[in-house]
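Residue-level structural notes
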Amino acid sequence: MTRRDLWKEKVVYQIFPCSFQDSNGDGNGDLRGIVSRLDYIRSIGADTIWICPVYRSPLEDQGYDVSDQREIGEIFGTMQDWEELLEETHKRGMELWMDLVLNHTSAEHRWFKRSRSSKDDPFRDYYIWRQGKEDGSPPNNWTSYLGGSAWTYDEATGEYYLHLYSETQPDLNWDNPKVREEIQGLIRYWLDKGVDGFRLDAINVVSKESELPDSMEKKVQGSGYKHFKNGPKVHEYLRELNEKGFSHKEGTITVGETSMVSMDDVKRYTAPERRELSMIFMMESPDIGSDPDDSFKSRDWKLSELKEIITRWEKELKDQGWFGLFGSNHDRPRLVSQFGDDGRYRVESAKLLATLVHTLWGTPFIYQGEEIGMTNYPFESVDRLEDQEAVHYYRSQTEKGEDPAEVERRVLAGTRDHARTPMQWSAGPNAGFSEGKPWMPVNPNYREINVEAEEKNPDSVLNYYRKLIEIRREHANVVVHGEYAPVLEEHEQVLAYVRRCSASQGLVLLNLSDREAEFELTGEICGCLDTARRLLGNYPADGHGIPAKLRPYEAIVFGGLKPMPEK
Ligand code: GLC
């Protein structure tokens with residue numbers, strides 16, 4: 001197996017540093033806090049850690065507004081702390097990935113301060129400035145991802161600057177070669193310091209059509225996307241970034257955050273011979289429940305749609321690209337609350353969702369707290385939210401005349417803050433997260449749902465993750481590298497598939513509903529079942545062999561199926 005293949009076997013643990021572990025009692029998570037939890041992360045079976053931004057930042061977007069990409073933000077610690085984190089991570093045989101925010105900077109960045117100071121400043125062209133239309137309105141009608149215009153007028157020089165996110169996050173002008181050189185230098189700087197890989201924030205929006213035309217869509221957030229998503233020069237720029245940045249150190253792994261991609265886009269970003277990125281995130285299935293025109297609105301979906309998405313990614317990309325699999329991250333509500341049942345079947349459904357993510361083709365990512373089945377926070381009012389995206393959305397939709405109670409309901413269900421409440425380590429004060437007052441409230445269910453309690457319980461969600469990851473490693477030929485074939489394609493409750501290589505096969509059965517589900521396997525697979533061995537399940541086994549029905553949210557993984565007969 002080549003080196004390129006081996007990295008696909010990684011299991012990545014994502015840390016949102018502000019909420020992971022506080023070491024100095026200021027109520028905010030920090031780097032030394034992470035160091036104190038490395039053994040825990042290792043014990044789950046993860047071999048790679050991705051930390052969300054810990055750079056200098058005014059923290060208006062929790063670190064995704066970077067004011068100095070080469071310095072550590074005071075709230076997180078010092079560069080020495082970061083170096084210790086790297087060393088301790090490596091000592092445990094794990095890798096460390098940094099988060100690169102390259103589409104924009106904070107408005108506090110020295111480049112932007114210079115850029116806005118005068119039209120003649122050498123940094124002017126580091127960002128995207130335009131004159132308003134004749135009537136003084138913004139240069140085009142694009143909306144930012146927070147809703148509202150993507151342009152802000154700046155009095156000092158009488159022009160507008162573009163920001164696809166908040167007005168405190170001006171977009172960099174990637175068409176300026178100096179900007180790209182700065183970014184390449186930045187990548188080499190962190191590689192020289194010893195990092196092993198990067199997650200690239202919002203990387204498929206960096207190249208905009210140069211005419212910046214008006215958009216025809218009705219999207220609430222990010223309208224205009226056709227003119228910047230997977231934009232005209234994005235592949236040229238990524239190849240250059242790879243050549244002059246990532247290739248600086250052999251074996252650097254990169255994962256791109258790229259929403260709204262076609263299968264061809266995925267191949268373009270990740271086919272090894274194109275030398276752009278190692279993988280991108282598979283966002284289509286986690287996005288299945290949101291309205292594509294308004295991310296705060298949910299939409300009903302059917303299991304058949306999820307099956308179609310998974311089958312398309314697993315089959316069409318086989319050997320042509322690679323992707324990261326995830327169910328939750330710092331931008332989404334908690335996995336079990338969104339796709340499972342965080343009440344009666346919390347434990348069963350959290351295990352089921354984990355089984356799905358960890359038995360497909362692709363590299364699995366675990367978001368902090370997901371491995372103990374953490375749930376959404378019972379927010380009661382929009383006034384309690386830190387999430388600027390949610391607050392902005394509430395303001396702009398109510399200003400447009402929508403019913404405030406309805407918008408609030410939507411925002412409280414969809415806010416990113418659910419993912420950002422402190423990690424629940426124990427039943428002690430502040431869930432063991434901090435000795436001070438946490439920057440975000442701790443979920444009141446921390447007395448029952450916490451790492452300490454899960455460690456003691458052999459049937460906990462945490463111990464289930466450990467077993468799953470062990471199975472993934474032990475059967476890497478099948479689970480990581482093998483083929484995917486759907487089974488029970490028409491079933492409305494059960495998602496089932498076979499993973500196989502020439503020598504062996506596994507079968508995964510998942511009941512994604514809160515009702516019992518009967519099923520019958522038919523066709524070729526039936527000839528392979530008599531040797532099947534149950535490897536893992538989220539209920540006690542019900543008799544021997546393949547059952548005829550699955551209990552609510554039941555998940556079972558079988559190994560040892562006879563290989564398919566040669567055709
Ligand atoms: C990405 C990040 C998100 C951030 C945004 C702007 O989507 O995941 O947290 O707000 O980019 O940087």
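All values reported here derive from a predicted model rather than from experimental measurement.

Describing the overall build of the protein chain
Looking only at helices and strands, the protein chain has 16 helices and 22 strands in total. For 567 residues, the compact-globule estimate of 2.2 N^0.38 gives 24 Å, and the C-alpha radius of gyration of the protein chain, at 24 Å, lies within 12% of that figure. For the protein chain, the C-alpha atoms occupy an extent of roughly 75 × 55 × 55 Å along the three principal directions. Burial analysis of the protein chain (567 residues in total) assigns 62% to the buried set. Across the protein chain, the fraction of contacts at a sequence separation of at least 24, relative to all contacts at a separation of at least 6, is 71%. Of the side chains in the protein chain, 72 bear a positive and 99 a negative charge, and the two mean positions are spaced by 3 Å.

Comments concerning unusual backbone geometry
The phi angle of most residues is negative, glycine excepted, and most peptide bonds adopt the trans form. At Leu 212, a position not held by glycine, the phi torsion is positive, near 45°. With respect to the helices and strands, Leu 212 occurs in the loop between strand S9 (197–201) and helix H7 (234–244). A positive phi angle, near 50°, is found at Arg 275, a position not held by glycine. By secondary structure assignment, the location of Arg 275 is in the loop between helix H8 (263–270) and strand S11 (279–281).

Considerations on the site of the ligand
Contacts to the ligand come from Asp 61, Tyr 64, His 104, Tyr 165, Arg 199, Asp 201, Glu 257, His 330, Asp 331, Arg 416 and Arg 420. Contact between the ligand and His 104: an oxygen atom at 2.8 Å from a side-chain N or O atom of the residue. Between Asp 201 and the ligand, the recorded distance is 2.8 Å, taken from a side-chain N or O atom to an oxygen atom. Taking 300 Å² as the accessible area of the ligand by itself, protein coverage stands at 95%. Looking at the shell around the ligand residue by residue, the class counts come to two nonpolar, two polar and seven charged.

Considerations on the pairing of strand S7 (residues 151–154)
Pairing of S7 with strand S8 (residues 159–162) involves four bridges; the strand directions are antiparallel. Note on S8: the bridge partner recorded for Thr 152 is Tyr 161. Hairpin geometry of S7 and S8 is characterised by an intervening segment of four residues between the two adjacent antiparallel strands and by a positive phi of about 65° at Gly 158.

Overview of helix H6 (residues 177–193)
Look at H6: 24 Å from first C-alpha to last across 17 residues, which is about the 24 Å you get at 1.5 Å a residue. Taken together, the buried positions of H6 are occupied by Val 179, Arg 180, Ile 183, Gln 184, Gly 185, Leu 186, Ile 187, Trp 190 and Leu 191. The backbone nitrogen of Lys 178 lies 2.9 Å from a side-chain oxygen of the residue at the head of H6, namely Asn 176. Gly 194 sits one or two residues past H6 and shows a positive phi near 115°.

Points about the environment of Ser 137
As for its position among the elements, Ser 137 is in the loop between strand S6 (129–130) and S7. Owing to a relative accessible area of 25%, Ser 137 belongs among the partly exposed residues under this scheme. For Ser 137 and Ile 253, which are 116 residues apart along the polypeptide, the C-alpha to C-alpha distance reads 43 Å. Residue contacts for Ser 137: discarding those within four places in its chain leaves Gly 132 and Tyr 160. Among the polar contacts made by the side chain of Ser 137, one reaches the side chain of Asp 135 at a distance of 2.6 Å.

A word on the sheet that holds strand S10 (residues 253–256)
On the basis of which strands lie adjacent, the closed barrel formed by eight strands has the order S1-S2-S5-S9-S10-S11-S14-S15 and parallel pairing. Averaged over all pairs of adjacent strands, the angle between strand axes in this sheet comes to 30°, irrespective of strand direction. Pairing of S9 with S10, which is carried by four bridges, proceeds in the parallel orientation. Note on S10: the bridge partner recorded for Leu 200 is Gly 256.

A short note on the UniProt feature "domain: Glycosyl hydrolase family 13 catalytic" (unreviewed entry) in the protein chain
When the UniProt feature table is mapped onto this chain, "domain: Glycosyl hydrolase family 13 catalytic" (unreviewed entry) is found at residues 14–420. Span residues 14–420 is 30% helix and 14% strand, its end C-alpha atoms 12 Å apart.

Overview of the nonpolar core
The biggest cluster of nonpolar side chains holds 140 residues, and the ones touching the most others in it are Tyr 13, Tyr 40, Ile 41, Ile 51, Trp 82, Trp 190 and Trp 313. Leaving out residues up to four positions away in the same chain, Tyr 40 has contacts with Tyr 13, Glu 371, Ile 372, Met 423, Trp 425, Val 451, Glu 455, Leu 462 and Arg 466. Counting 18 residues, the second largest nonpolar core, distinct from the first, contains Leu 488, Ala 496, Ala 517 and Phe 519.

A short note on the packing of helix H12 (residues 388–399) against helix H13 (residues 404–414)
It is the contact of H12 with H13, at a shortest axis distance of 10 Å, that shows an interaxial angle of 160°. On the basis of the axis angle, H12 is roughly antiparallel to H13. Relative to H13, the crossing made by H12 is right-handed. For the pair formed by H12 and H13, the contact residues are Ala 390, Tyr 393, Tyr 394, Gln 397 and Thr 398 on the first element and Pro 404, Val 407, Glu 408, Arg 410 and Val 411 on the second. Taken together, the residues that form the contact of H12 with H13 break down as six nonpolar, two polar and two charged.

Focus: helix H15 (residues 461–474)
Its 14 residues give H15 an end-to-end C-alpha distance of 20 Å, which sits within 8% of 20 Å, the value for a rise of 1.5 Å per residue. For H15, the full list of buried residues reads Val 461, Leu 462, Asn 463, Tyr 464, Tyr 465, Arg 466, Leu 468, Ile 469, Ile 471 and Arg 472.

Here is what the cut-offs are and how they apply
Residues numbered from 1 in each chain as written. Predicted model: local features only at pLDDT ≥ 70, side-chain atom pairs only at ≥ 80, totals over all residues. Heavy atoms only, no water. Helix = DSSP H or I, 4+ residues; strand = E, 2+ residues; numbered from the N terminus. Rg over C-alpha atoms; globule rule 2.2 N^0.38 Å. Buried < 20%, exposed > 50% of the residue type's maximum accessible area, 1.4 Å probe, protein only. Contact = heavy atoms within 4.5 Å. Lys, Arg positive; Asp, Glu negative; His and termini not counted. Charge placed at Lys NZ, Arg CZ, Asp CG, Glu CD. Near = heavy atom within 4 Å. Polar contact = N/O pair within 3.5 Å; in protein donor to acceptor, adjacent residues only side chain to side chain. Areas by Shrake-Rupley, 256 points an atom, 1.4 Å probe, with all protein chains shown as cover. Nonpolar A, V, L, I, M, F, W, Y, C, P; charged D, E, K, R; others polar. Pairing = 2+ DSSP bridges. Expected span 1.5 Å × (residues − 1). Axes fitted to C-alpha atoms, helices over the stretch in contact; angles between N-to-C directions. UniProt positions renumbered as here; feature names shortened; annotations may be inferred. Core = buried A, V, L, I, M, F, W, Y, C linked by side-chain atoms within 4.5 Å. Parallel < 35°, antiparallel > 145°, perpendicular 65-115°, else oblique. Left-handed = near helix turned anticlockwise from the far one by under 90°.

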